[in-house]
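# Per-entry structural report
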Amino acid sequence: MVSAKKLKCSQCGKEYLPDMITFHCECDGSLDLIYDYKKVRKLILMADFIRERPWHWKYWMFYPVDDLTQAVSFEEGGTPLFLSKRIRKTVDLEVFFKYEGSNPTGSFKDRGSSIEITKAIELGANSVCCASTGNMGASVSAYSAKAGITCKVFVPEVTPSLKIAQILGCGAEVIRVEGNYADCLRLTEEANRRYDVYLVGDYPYRSEGQKSVGFEIVDQFYWNVPDYIICPMGNGTLTRAIWKSFLELQKVGLINELPKMVGIQAEGCHPIVDAFKYDYDKPIPIKKAHTIADAIACEDPVDGYGALHAILESGGFAETVTDNEIIAAQKLLGHSEGLYAEPSGAVSTAGLIKYKEKFEGKKVVSIVTGHGLKRAPVGDMPEVMTIKNDFDELDKIFP
Ligand SMILES: *Cc1c(COP(=O)(O)O)cnc(C)c1O
Ligand SMILES: [Zn+2]
C-alpha cells in the first residue's frame, strides 16, 4: 500500500483496512480512502511532478495502488480543457470545457475503471460484475478484457443499444434487467452476497480514480483553482471525487483555494437536488427516472450523500435542467464549440446556461462527461439533401 491508510465511512465514521474487499459500510454509507498526506507530499516532491504532462497516472500517489507496474491502463485521462469560443460570449463568463469524451471508451468512467480493475487484480479477482446505465459497463468491459478477466454487466431495460454494443464489443456479458438502474444495483449487490462475485461500480476505489478530473484541471490551470466546477450528477461519484481531489491538493500544500461545486440533475431524476433544496441530509430516492440523459438516471444515488456534502461544504449549489434544455445545450456544444457530447454530457452546460446569473464574473469549468457517439441522436435530425451523382446537381448547392 503506497500511502493509503484506511477506509472510513463518510456517514458513521467506522473504519476499515484499506485493502478490505468492502463495498459499503455496515450502515450502508459509502467508504472513503484516507491517506498519509505527509507521505503523499514527500512522493510528489520526489517525482518530476511539475514537468510531467497532466494525465491520470501522474497522480499515482493519490491512489490506493501498490504496484504501479501492474496498473491496467489505456492512458486514460489527460483530456483537454478548452477555453470556450462562443458559449462564453452568450453567457458572458469565462467558461472552460473539460472534454471527457476523449477518454478511451468515451467517458470519464475510464479513470475510475483503471484504478478499480487494477485493484481487483491486486486483490485476486478473476471476474467482476457491475450494474450500469451503459458507460460504466462499456468502460469496465474494456478494462476487464485488457486485464484478462471476465465481466458481467447488468443494464436497465432502457439502455441505448449503442452502449450495449460497446459493452459486448469488448467481450463482457450483458444482462438486461426488466427494471431500472436501482434494480440492477440491487441485483448485483445480492449476487455479491450470494456468490461472492467481485463488485465494481461507484464504490471506494472507483471514486479514487475519478479524482484525476480535478487534479488535471488544477494542473492545466498551472496550479490555479477555478471559481466553479459544474458536474452532471447520476450517482454523484464524480462530484464527490472532484471535491476530494481539491481537498487533497490543499492538504499537501499544492493549492490554497477551493472551488465551489455545482451539481446538475435532470428534471426526470433529481434525488440529490431535492435533498439540497429541502435541507435533507441524504438524497431522496425516486421510483423511476424519466430522462434522455440516460447516464445520470440513478434513482437512488450510491454516492448521493457524498455529492450533497461536497456541494454544501464547498458553498456551491444543486439544480435541475429539463430534457429540452439538455438537447439545446448538446446542440450548442456541437455547433458553437465543436464538442460532440451525449445528452448526459451536456447536462452541466445546460446548467451553466440556465443559471448563468449565479456565476457572474467567475471562472467556470463545465465537465462534458461523455462522447456524442455513445447513443443515437434524440428527436429529428436536420434534413439531409440527396443529389444525383451528376456535376450539374452542384448548381443546387452552390447557387
Ligand atoms: C456516469 C456518468 C455521469 C454521472 O456520473 P456520477 O459519478 O454517476 O454522478 C454523467 N455523465 C456521463 C456521460 C456518465 O457516463
Ligand atoms: Zn457507516
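Going by the structure above, here's the rest.
Residues numbered from 1 in each chain as written. Chains lettered and ligands numbered in written order. Predicted model: local features only at pLDDT ≥ 70, side-chain atom pairs only at ≥ 80, totals over all residues. Heavy atoms only, no water.

Near ligand 1 there are 15 residues, and of these Lys 109, Asn 135, Asn 235, Gly 236 and Thr 369 occur at the shortest range. One nitrogen or oxygen atom from the main chain of Thr 237 is found 3.2 Å from an oxygen atom belonging to ligand 1. In the environment of ligand 1, an oxygen atom lies 2.9 Å from a nitrogen or oxygen atom belonging to the backbone of Leu 238. For ligand 1, whose accessible area on its own is 390 Å², the fraction buried by protein is 98%. Split into classes, the residues belonging to the shell around ligand 1 amount to five nonpolar, eight polar and two charged. (Near = heavy atom within 4 Å. Polar contact = N/O pair within 3.5 Å; in protein donor to acceptor, adjacent residues only side chain to side chain. Areas by Shrake-Rupley, 256 points an atom, 1.4 Å probe, with all protein chains shown as cover. Nonpolar A, V, L, I, M, F, W, Y, C, P; charged D, E, K, R; others polar.)

Our focus in this paragraph is a nonpolar patch on the surface. Together, Met 385, Ile 387, Phe 391, Leu 394, Ile 397 and Phe 398 give the surface a local cluster of nonpolar side chains, amounting to about 670 Å² of exposed area. Take Ile 397: it is sitting in helix H14 (residues 394–397). (Patch = residues over 30% accessible without salt bridge, like charges linked within 9 Å, V, L, I, M, F, W, Y side chains within 5 Å. Salt bridge = Lys/Arg side-chain N within 4 Å of Asp/Glu carboxyl O. Helix = DSSP H or I, 4+ residues; strand = E, 2+ residues; numbered from the N terminus.)

As enumerated under the stated definition, the model contains 28 salt bridges in all. Measuring nitrogen to oxygen at the nearest pair gives 3.7 Å for the salt bridge that ties Glu 26 to Lys 14. You can see Glu 26 sitting in the loop between strand S2 (15–16) and strand S3 (31–35) and its partner Lys 14 sitting in the loop between strand S1 (4–9) and S2, a full twelve residues away along the chain. For Arg 193, the salt bridge is made with Glu 190, and the minimal N-O distance between the two is 3.2 Å. Of the two residues, Arg 193 and Glu 190 both sit in helix H6 (residues 181–195), three residues apart, roughly one turn of that helix. It is possible to trace a salt-bridge network through shared partners that takes in Asp 32, Glu 208, Lys 211, Arg 240, Lys 244, Glu 248 and Asp 303.

This part takes up the packing of helix H3 (residues 109–122) against helix H4 (residues 135–147). Two numbers describe a pair of packed helices, the interaxial angle and the distance between the axes. Viewed as axis vectors pointing N to C, H3 and H4 meet at an angle of 45°, and their least axial separation amounts to 9 Å. Considered as vectors, H3 and H4 are oriented oblique to each other. Viewed along their axes, H3 and H4 form a crossing whose handedness is right-handed. Contact residues: H3 offers Lys 109, Asp 110, Ser 113, Ser 114, Ile 117 and Ile 121, while H4 offers Asn 135, Met 136, Ser 139, Val 140, Tyr 143, Ser 144 and Ala 147. Among the residues forming the contact of H3 with H4, the class breakdown is six nonpolar, five polar and two charged. (Axes fitted to C-alpha atoms, helices over the stretch in contact; angles between N-to-C directions. Parallel < 35°, antiparallel > 145°, perpendicular 65-115°, else oblique. Left-handed = near helix turned anticlockwise from the far one by under 90°. Contact = heavy atoms within 4.5 Å.)

Enumeration over the complete set of coordinates arrives at 13 aromatic pairs. Ring centres 4.9 Å apart and planes at 85° place the aromatic pair Tyr 228 and Phe 359 in the edge-to-face group. Placement of the pair is Tyr 228 in strand S10 (residues 228–232) and Phe 359 in the loop between helix H13 (343–354) and strand S13 (363–368), with a sequence separation of 131 residues. For Phe 359, a relative accessible area of 0% translates into the label buried. Joined through ring pairs, the aromatic side chains of Phe 49, Tyr 59, Phe 62, Phe 215 and Trp 223 make up one cluster. Above the ring of Tyr 205, the side-chain terminus of Lys 119 is found at 5.4 Å from the ring centroid. (Phe/Tyr/Trp six-rings, centres within 6.5 Å; stacked < 30°, edge-to-face > 60°. Buried < 20%, exposed > 50% of the residue type's maximum accessible area, 1.4 Å probe, protein only. Lys NZ or Arg CZ within 6 Å of the ring centre and 35° of its normal.)

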